[in-house]
Amino acid sequence: DQQVKQNSPSLSVQEGRISILNCDYTNSMFDYFLWYKKYPAEGPTFLISISSIKDKNEDGRFTVFLNKSAKHLSLHIVPSQPGDSAVYFCAASPYNAGGTSYGKLTFGQGTILTVHP
Amino acid sequence: EAGVAQSPRYKIIEKRQSVAFWCNPISGHATLYWYQQILGQGPKLLIQFQNNGVVDDSQLPKDRFSAERLKGVDSTLKIQPAKLEDSAVYLCASSLKGATAKNIQYFGAGTRLSVL
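Residues numbered from 1 in each chain as written. Chains lettered and ligands numbered in written order. Predicted model: local features only at pLDDT ≥ 70, side-chain atom pairs only at ≥ 80, totals over all residues. Heavy atoms only, no water.

Quick notes on the environment of Glu85 of chain B
All names here are of chain B. Note the threshold: Only DSSP runs of H or I reaching four residues or more are called helices, and only runs of E reaching two or more are called strands; each is numbered from the N terminus. Two residues qualify as a contact provided that any one of their heavy atoms is within 4.5 Å of a heavy atom in the partner residue.
Along the chain, the position of Glu85 falls in the loop between β8 (75-79) and β9 (88-95). For the pair formed by Glu85 and Arg9, sequence separation is 76 residues and the distance between their alpha carbons is 19 Å. Each residue touching Glu85, except ones within four places of it in the same chain, is listed here: Gln36 and Ile38.

Regarding the sheet that holds strand β3 (residues 19-24) of chain B
Residues and elements named next belong to chain B. Put simply, the rule is: A pair of strands is treated as paired once DSSP finds two or more bridges between them. A fitted line through C-alpha atoms represents every axis, and for helices the fit uses only the stretch in contact; the resulting angles, taken between N-to-C directions, go from 0 to 180 degrees.
Taking strand neighbours across the sheet as the criterion, the four strands line up as β1-β3-β8-β7 in an open arrangement whose pairing is antiparallel. Each edge of the sheet is formed by a strand with only one pairing partner; in this case those strands are β1 (5-7) and β7 (65-68). Averaged over all neighbouring strand pairs, the angle between strand axes comes to 15 degrees, with direction disregarded.

Examining the sheet that holds strand β7 (residues 62-67) of chain A
All names here are of chain A. Spatially, the five strands line up as an open sheet ordered β1-β3-β8-β7-β6, and their pairing is antiparallel. What marks the edges here is a single partner per strand, and that holds for β1 (4-5) and β6 (56-59). In this sheet, β7 lies alongside β6 in antiparallel orientation, the contact comprising four bridges. Bridged to Lys56 within β7 is Phe65.

Focus on the state of the cysteines
Just so we agree on the cut-off: Two cysteine sulfur atoms make up a disulfide if the distance between them is within 2.5 Å. Three exposure classes are used, based on accessible area relative to the maximum for each residue type with a 1.4 Å probe and protein chains only: buried under 20%, partly exposed in between, and exposed over 50%.
According to the stated counting rule, one finds two disulfides over all chains in the structure shown. Disulfide pairing places Cys23 of chain A opposite Cys90 of chain A at an S-S distance of 1.9 Å. Taking the sign of the S-S torsion, about 55 degrees here, the bridge from Cys23 of chain A to Cys90 of chain A comes out right-handed. Of this pair, Cys23 of chain A sits in strand β3 (residues 19-25) while Cys90 of chain A sits in strand β9 (residues 86-94), placing them 67 residues apart in sequence. Each member of the pair, Cys23 of chain A as well as Cys90 of chain A, carries the same accessibility label: buried. Two residues, Cys23 of chain B and Cys92 of chain B, share a disulfide whose sulfurs are 1.9 Å apart. Since a negative S-S torsion denotes a left-handed disulfide, the Cys23 of chain B-Cys92 of chain B link at about -70 degrees is left-handed. One end of the pair, Cys23 of chain B, is in strand β3; the other, Cys92 of chain B, is in strand β9, and 69 residues separate them in sequence. Accessibility classification places Cys23 of chain B together with Cys92 of chain B in one group, the buried group.

Some details on the packing of aromatic side chains
Using the following cut-off: Note on ring pairs: Phe, Tyr and Trp rings are taken, using the six-membered ring of Trp, and paired if centres are within 6.5 Å. Classes follow the plane angle, with under 30 degrees stacked, over 60 edge-to-face and the rest tilted.
Tallied over the entire structure, the rule returns 12 aromatic pairs over all chains. Between Tyr25 of chain A and Phe33 of chain A, the aromatic rings sit 4.7 Å apart at their centres with planes inclined by 40 degrees, giving tilted as the arrangement. Of the two residues examined, Tyr25 of chain A and Phe33 of chain A, each falls in the buried class. Three or more aromatic residues joined by ring pairs form one cluster here, namely Tyr36, Phe46, Phe89 and Phe107 of chain A together with Tyr33, Tyr35 and Phe107 of chain B.

What about the nonpolar core?
Residues and elements named next belong to chain A. Note the following rule: Here, nonpolar core refers to any group of buried Ala, Val, Leu, Ile, Met, Phe, Trp, Tyr and Cys residues whose side-chain atoms link them within 4.5 Å.
With 23 residues, the main nonpolar core has Phe33, Trp35, Leu73, Leu75 and Tyr88 as its most contacted residues. If you list the elements that add at least two residues to this core, you get β3, β4 (30-38), β5 (45-51), β7, β8 (72-77), β9 and β11 (111-116). Considering each element in turn, this core owes the most residues, four residues, to β9.

Examining the environment of Leu113 of chain B
Following the sequence through the fold, Leu113 of chain B ends up in strand β11 (residues 111-115). If we skip the residues at most four places from it in the chain, Leu113 of chain B touches Lys11, Ile13, Val19, Phe21, Ile79, Asp86, Ser87, Ala88 and Tyr90 of chain B.

Looking at the environment of Asp55 of chain A
Residue and element names in this part refer to chain A. In this structure, Asp55 sits in the loop between β5 and β6. The class of Asp55 is exposed, set by a relative accessible area of 54%. Each residue touching Asp55, except ones within four places of it in the same chain, is listed here: Ile50, Val64, Phe65 and Leu66.

Observations regarding the side chain of Lys37 of chain A
Residues and elements named next belong to chain A. Where we set the bar: Counted charges follow a simple rule, with Lys and Arg positive, Asp and Glu negative, and His plus the chain ends left uncounted. We define a salt bridge as a side-chain nitrogen of Lys or Arg found within 4 Å of a carboxyl oxygen belonging to Asp or Glu.
Note on placement: Lys37 falls in strand β4. This buried residue, Lys37, is left without a salt bridge; Asp84 holds the nearest opposite charge, at 4.6 Å. Among residues more than four places away in sequence, those in contact with Lys37 are Gly43, Pro44, Thr45, Gly83, Ala86, Val87 and Tyr88.

If you want it as structure tokens, here you go:
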């Protein structure tokens with residue numbers, strides 16, 4: 001039972017254009033969402049996050065959009081740069097019963113982004 | 001600030017052998033996580049420690065996997081005996097506030113295990 005899905009295994013984009021990475025989830029208890037970026041031979045690094053009380057969060061070239069009714073989130077990178085080429089994972093976390101803490105992260109399978117010069 | 005340190009980086013063993021991985025989290029981080037990442041999949045949580053206590057080990061195959069976090073700092077993950085399907089990258093992560101708001105986890109580079 002895969003609760004977080006990234007249906008596109010790979011994405012190829014030209015430098016300067018927009019990259020859009022998508023993620024779908026099934027668990028309605030998920031309340032906090034994160035994107036991680038991973039370069040080869042390195043661990044994932046945190047990129048950007050969004051809480052379910054928002055529908056958009058922006059940080060420089062990176063923007064995450066959340067559509068709770070569709071259980072869908074997306075990461076937009078504008079403009080894309082060759083250094084953005086990496087594997088991108090979305091992850092989701094529920095808010096624990098009692099509303100006092102966030103639970104464990106569940107990751108998607110990842111999308112390989114390649115930005116061509 | 002030093003990141004999450006893991007060793008070894010690579011390990012090749014034969015099935016039924018035992019193996020151990022070590023992790024040193026970021027200084028001051030109370031929560032430590034071990035993940036298993038099989039090729040083509042996202043990381044899957046094996047066990048979560050808060051200081052030296054286990055918070056979640058629901059996905060840890062306890063018949064062969066064990067983990068400990070002595071003194072609430074370093075941690076070791078052991079597999080005994082290893083199976084072919086244990087071939088994966090084992091990632092260690094730590095977070096400052098534990099299971100609280102903004103559960104941002106910081107990952108080490110991982111240990112790539114090949115079981116032959």
